[in-house]
Amino acid sequence: MTEIPKEGAGRPLYESAPKILPAVPAAPYLWGAVGSYPLAYLYVRQLLFARNFANPALPVFALLFVLGVEAMARALQRRGSREAVRWAGCWLVLSVAMPLWGKQPVLGSWQVLVWHLLAVWFVLARCGMLVQGWTGSLCFLDGLAGFLLLPFGNFFRRIGTVWGGLHCLGRQRLKLRQTAVAVVTVLVTTLLCAVAWGLLAAADPHFAALGRGWTHWLNRLLSSEKLVSYVAYFLLSLPVGAWLYGLVAGSLRRQTPPCPEDRFFALLKPLRCLPWVTANVAVGGLCAVYTLFFALQAAEWLAAAPLGLTAPVASDFAVDGFWELLRILLLDFCVLGVVRFLSNRPMPRGLAALFCLYGVAFAGLAGAKLAVYIRLFGYTPRRVVAGWFLCVLSVWAVLLLVRVFRVLPAARIGLAVLAVSFVVLSCTDLESRIVEANVQRYATGVDAALDLDVLQDCGLNAWQRGRDRAKVVTYTRWLLDAGWFDGRNIRDVQTLYDLTGSFRKGKSQEVELDDTHLLSLTFDAAVRCTAAALTAAENRV
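In this text, all values refer to a predicted model and were calculated from it rather than measured experimentally.

(A) Focus on the overall build of the chain. For the chain, the helix and strand inventory stands at 21 helices and three strands. With an accessible surface of roughly 31700 Å², the chain has 65% of that area assigned to carbon and sulfur atoms.

(B) Representation of the confidence of the model for the chain within the structure. Mean pLDDT over the chain stands at 83; residues scoring 70 or higher make up 82%. Scored below 50 in pLDDT, residues 11-21 makes two contacts in the model with residues more than four places away or belonging to other chains.

(C) Spotlight on the nonpolar core. If you look at the biggest cluster of nonpolar residues, it comprises 86 residues, and the most contacted ones within it are Phe 61, Trp 91, Trp 115, Leu 479, Trp 484, Tyr 497 and Leu 521. When residues of this core are assigned to their parent elements, the largest contribution, 11 residues, is made by helix α5 (residues 108-126). Other than its neighbours up to four places away in sequence, Trp 484 contacts Tyr 442, Leu 450, Leu 452, Leu 479, Asp 492, Val 493 and Leu 496. Residues Ala 352, Ala 363, Leu 390 and Val 404 belong to the second largest nonpolar core, which totals 29 residues.

(D) The sheet that holds strand β2 (residues 517-523), seen in detail. Read from one edge of the open sheet, three strands run β1-β2-β3, paired in antiparallel fashion. Among the strands making up the open sheet, the edge pair consists of β1 (508-512) and β3 (529-536). Going from strand to strand, the sheet's axes swing by 25° on average, the running direction of each strand aside. Sheet topology places β2 next to β3; seven bridges connect them, and they run antiparallel. Bridged to Leu 519 within β3 is Leu 534. Packing of helix α20 (residues 469-482) onto the sheet brings it into contact with β1, β2 and β3, and relative to β3 it is tilted by some 135°.

(E) Seen up close, the packing of aromatic side chains. Going through the model one piece at a time under the given rule, you end up with 29 aromatic pairs. Taking the centre distance of 6.0 Å and the plane angle of 40° together, the rings of Phe 485 and Tyr 497 count as tilted. Taken together, the residues span a long stretch of sequence, with Phe 485 in the loop between α20 and α21 (490-496) and Tyr 497 in the loop between α21 and β1 at a distance of 12 residues. When sorted by exposure, Phe 485 lands in the same class as Tyr 497, which is buried. Clustering of aromatic rings is evident, with ring pairs tying together Tyr 290, Phe 293, Phe 294, Phe 355, Tyr 358 and Phe 362. Just above the ring of Trp 87 sits the side chain of Arg 86; from NZ or CZ to the centre is 5.4 Å. Sitting over the ring of Trp 276, Arg 345 keeps its end group 4.0 Å from the ring centre.

Cut-offs and rules
- Residues numbered from 1 in each chain as written.
- Predicted model: local features only at pLDDT ≥ 70, side-chain atom pairs only at ≥ 80, totals over all residues.
- Heavy atoms only, no water.
- Helix = DSSP H or I, 4+ residues; strand = E, 2+ residues; numbered from the N terminus.
- Areas by Shrake-Rupley, 256 points an atom, 1.4 Å probe, with all protein chains shown as cover.
- pLDDT = per-residue confidence, 0-100.
- Contact = heavy atoms within 4.5 Å.
- Core = buried A, V, L, I, M, F, W, Y, C linked by side-chain atoms within 4.5 Å.
- Buried < 20%, exposed > 50% of the residue type's maximum accessible area, 1.4 Å probe, protein only.
- Pairing = 2+ DSSP bridges.
- Axes fitted to C-alpha atoms, helices over the stretch in contact; angles between N-to-C directions.
- Phe/Tyr/Trp six-rings, centres within 6.5 Å; stacked < 30°, edge-to-face > 60°.
- Lys NZ or Arg CZ within 6 Å of the ring centre and 35° of its normal.

Rendered as structure tokens:
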């Protein structure tokens, strides 16, 4: 007869303490975790610590990352936003443009920032993690999720994934004896090959030379400095790879964004306490100030019209207030954003239309000032970038004005225009175009002198090395065609070229521009250039 165990009697260990096994990761997550290690190493070694985001490793990293994210998303049957193609295309184009043209003047740091932003936005769009389903007015929440919540919230997920994969591999009945046999086989084979290699190297000098080459390569690979650098870069790449995998895997494991649109507006509801009267009075006061400003502008122009637009008047018009008008436009956008998110009621349509119409007017006035300024003083990198930014703000102002009368995704269109136009600007050889335009103005007599500071900012200086030296040859050829060297003082030439060696009257002095071109200059007793020519450099050993 079977006895019934008494209450509190001891039970077997397997019943009282069940063993918890790590979860077996899905294959896409496991392969993604493994692939994140070389990707992170490439980023740290070639981009981050090299401090050079304008090298060929940039498009390689971007292409591999896009393919990896796409493969994981397809394997997990995740449907993304339609914007994913746009952000991936912009990111890849920018990744190719930066090594091709280098960092643009004024835009250098912004290009690196936008490159990272496009990478994050592509992941969010492909994994369906955009707050609104597209990039719109809540893009700041997308940035918060893409840079902080998703990657750092899943920062240690890669360790768990790899550990789960290793545990799964260990359960495939790989016996210790089989592993030991494999290790012994490798060791014995290596030892025998090493002995045979030594004997054959003593018998044949050519075979010995081949062995010395392999030995030299192996010693150089495993030298103390190289090995330490490899280990250091690998260790530094671990947090970068964990961040990348946390962003992608964290996005793919979720079905909804970390902060959905409805939840955000529910949390924002207690803060929407801006009185309707206060918002309307504030916007109305700004409209009154803007009306007074444009009335005074119109009066000044009507008074100056009979006298004609002289050069001093045009210069004053161009210089005064351009950057302040851009700040006014940004202030208007901030006011509209505050009313959008914090006011309990929308503005009247007439007041909103008038306010947006003034924004368009400010954009037109700033554009006129910039056009006159460039017409008078020529192009600079800063003026070109300011013109691009003004065009983007003008598009935003027009979209907001149209949005008052017609329902359309103004924020979505405006952000797309900003991103695409920035990439297009980065694909332009801005430096060469600016130098060519200014040299052409000098050659045709529009400008009495060239702004040498602009030429230096665009790459025509004595310290250019590597790829940028090809630009120096092109710029020099344009200056020769424009006759800039004729009668030029040696100090002006030294501003752009490295004139070394002793000066002799009537003797030509050569300046090495690159490996194949020399600039030959001759100066008189007054150290003014009497002859200049571009010659081919002789082959040097």
